[in-house]
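What follows is the residue order along each chain.
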Amino acid sequence: MQPLDLATLPTPVEAAPRLAEALGLKPGDLWVKRDDLLGLGGGGNKVRKLRHLCAEALERGAGALVTTGAAQSNHARLTAAAGARLGLEVELVLAGDSPAVATGNLLLDALFGARVVWAGDVRHEDLEQVAAERVAELTASGTPAYQVPYGGSSVTGARGYVEAGAEIIDQVPDVRNVVVALGSGGTAAGLVAALGAERVLAVDTGATADPLGRTARLVDDLGGVSDGIRLRRDLVGDGYSTLPEAVADALLLAARTEGIVLDPVYTGRALAGLAAAVHEGDVRPGETTVFVHTGGLPGLFGSAALAARLA
Ligand SMILES: *Cc1c(COP(=O)(O)O)cnc(C)c1O
């Protein structure tokens, strides 16, 4: 199945010499893969997955997309944008309750015309269940609906990051380390399938209970080798939606050395993970390292913790 033309590809890689030196690397070691510039709906890694997932949805005759996420889900926002681009209805089943004012990704969800169903304080599996019920109801009422998996992380979605891995090899042939945030696992899985486990350093954000198992299963299903996945779990802090000190420091460092905006949930954790890996000698000066900027900027405008830190 051909992926849809929803993205601006290939995304650029940019040198980051001042950030490299600040981290203790050599100035020429570090490259930033700008997947925050994928084009559709404010950009970010979910666009690559949605190219494949929406192709599958259209092939199945869908008239609506239904997906799940946290209130500040970048994946939900980009599903809303993809639906707008393709003329499909979009329904987002989000955890929590409707806030008084829609900020960040929620503001964009509304702008793209998506309907939001607030599921309250429920577990992740229950969100998927509510979404499955909505798919059945929409389909029964005459609009065939397609359920986009949590974070877009099915084998179909993860193929977008097998392609991204090939793009990175083209752009940075001597790449030794690829550093990426891990949420639902499809992004890291696709990169591992393309580049091998030894070259990918995944930094967990605390989005799921079993990040290693989820990612390994996806790598296996993609036909890759999942043994030896490098995963750091020490940047989760008190959870997905909290802002650990090291992550706040990483956000400030990227902004003040390179003028690059990271986000408090994903890319800030990924950079804090790279800093820790350099400190421990897992990533060394002289090794070519690609930091994958997976997007997330709207989430920054929904972060009260960061605003408090900068006040
Ligand atoms: C979803 C997301 C990730 C993590 O990708 P997964 O494939 O879910 O692991 C990383 N960065 C940003 C900005 C995201 O929105």
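How each quantity is defined
- Residues numbered from 1 in each chain as written.
- Predicted model: local features only at pLDDT ≥ 70, side-chain atom pairs only at ≥ 80, totals over all residues.
- Heavy atoms only, no water.
- pLDDT = per-residue confidence, 0-100.
- Helix = DSSP H or I, 4+ residues; strand = E, 2+ residues; numbered from the N terminus.
- 1 Å grid on protein atoms, 1.4 Å probe; cavity = no way out; pocket = protein on both sides within 12 Å on 5 of 7 lines; lining within 4 Å.
- Points joined across faces, edges and corners; volume = space filled by probe spheres on them.
- Nonpolar A, V, L, I, M, F, W, Y, C, P; charged D, E, K, R; others polar.
- Expected span 1.5 Å × (residues − 1).
- Buried < 20%, exposed > 50% of the residue type's maximum accessible area, 1.4 Å probe, protein only.
- Contact = heavy atoms within 4.5 Å.
- Domains from an automatic or database assignment.
- Salt bridge = Lys/Arg side-chain N within 4 Å of Asp/Glu carboxyl O.

Draft legend 1. The arrangement of the confidence of the model for the protein chain in detail. On average, residues of the protein chain score 96 in pLDDT, and 100% of them are at 70 or above. Within the protein chain, helix α12 (residues 304–310) has the poorest average pLDDT of any element, 89, and strand β10 (residues 289–293) the best, 99.

Draft legend 2. Representation of empty space enclosed by the protein in the model. With the rule as written, the count across this model stands at 1 cavity of 30 Å³ or more. Considered as a void within the structure, the largest cavity measures approximately 30 Å³ in volume. For the largest cavity, the full set of lining residues is Leu19, Val32, Ala254, Ile260, Leu262, Leu271 and Phe291. When grouped by side-chain class, the residues that make up the lining of the largest cavity number 7 nonpolar, no polar and no charged.

Draft legend 3. Structural context of helix α9 (residues 245–258). With 14 residues, α9 should reach 20 Å at 1.5 Å per residue; the first-to-last C-alpha distance of 20 Å fits that figure. Among all positions of α9, only Val247, Ala248, Ala250, Leu251, Leu252, Ala254 and Thr257 are buried. Packing partners of the buried residues in α9 comprise α1 (17–23), α10 (267–280) and α12. A positive phi of about 65° marks glycine 259, the residue just after α9.

Draft legend 4. Geometry of the layout of surface pockets. Estimated volume of the largest pocket: approximately 530 Å³. As for the largest pocket, its lining consists of 37 residues, and the residues nearest its centre are Ala70, Tyr150, Ala207, Tyr240 and Tyr266. Put simply, the parts of the chain that give the lining of the largest pocket at least two residues each are α2 (46–59), β3 (64–69), α3 (74–86), α5 (124–140), β7 (177–182) and α7 (186–195). Tallied by class, residues from the lining of the largest pocket come to 12 nonpolar, 19 polar and 6 charged. Counting the residues that make up the lining of the largest pocket, at least three belong to each of domain 1 (13–43 + 153–310) and domain 2 (46–152). Reported here for the second largest pocket is a volume of approximately 420 Å³. Around the second largest pocket sit 22 residues that line it, and Gln72, Ser241, Val265, Gly299 and Gly302 are the ones nearest its centre. Taken together, the elements giving at least two residues each to the lining of the second largest pocket come down to α11 (297–300) and α12.

Draft legend 5. Representation of the pattern of salt bridges. Going through the model one piece at a time under the given rule, you end up with 20 salt bridges. Where glutamate 89 meets arginine 115, a salt bridge forms, and the shortest distance between an N and an O atom there is 3.2 Å. Taken as a pair, glutamate 89 in strand β4 (residues 89–94) and arginine 115 in strand β5 (residues 115–118) lie far apart in primary sequence, 26 residues in all. Across the pair glutamate 91 and arginine 115 runs a salt bridge whose closest N-O atoms are separated by 2.7 Å. Residue glutamate 91 is found in strand β4, and its partner arginine 115 is found in strand β5; the two are separated by 24 residues along the sequence. Taken together, the salt bridges that share partners define one network made up of Glu89, Glu91, Arg115, Arg134 and Glu137.

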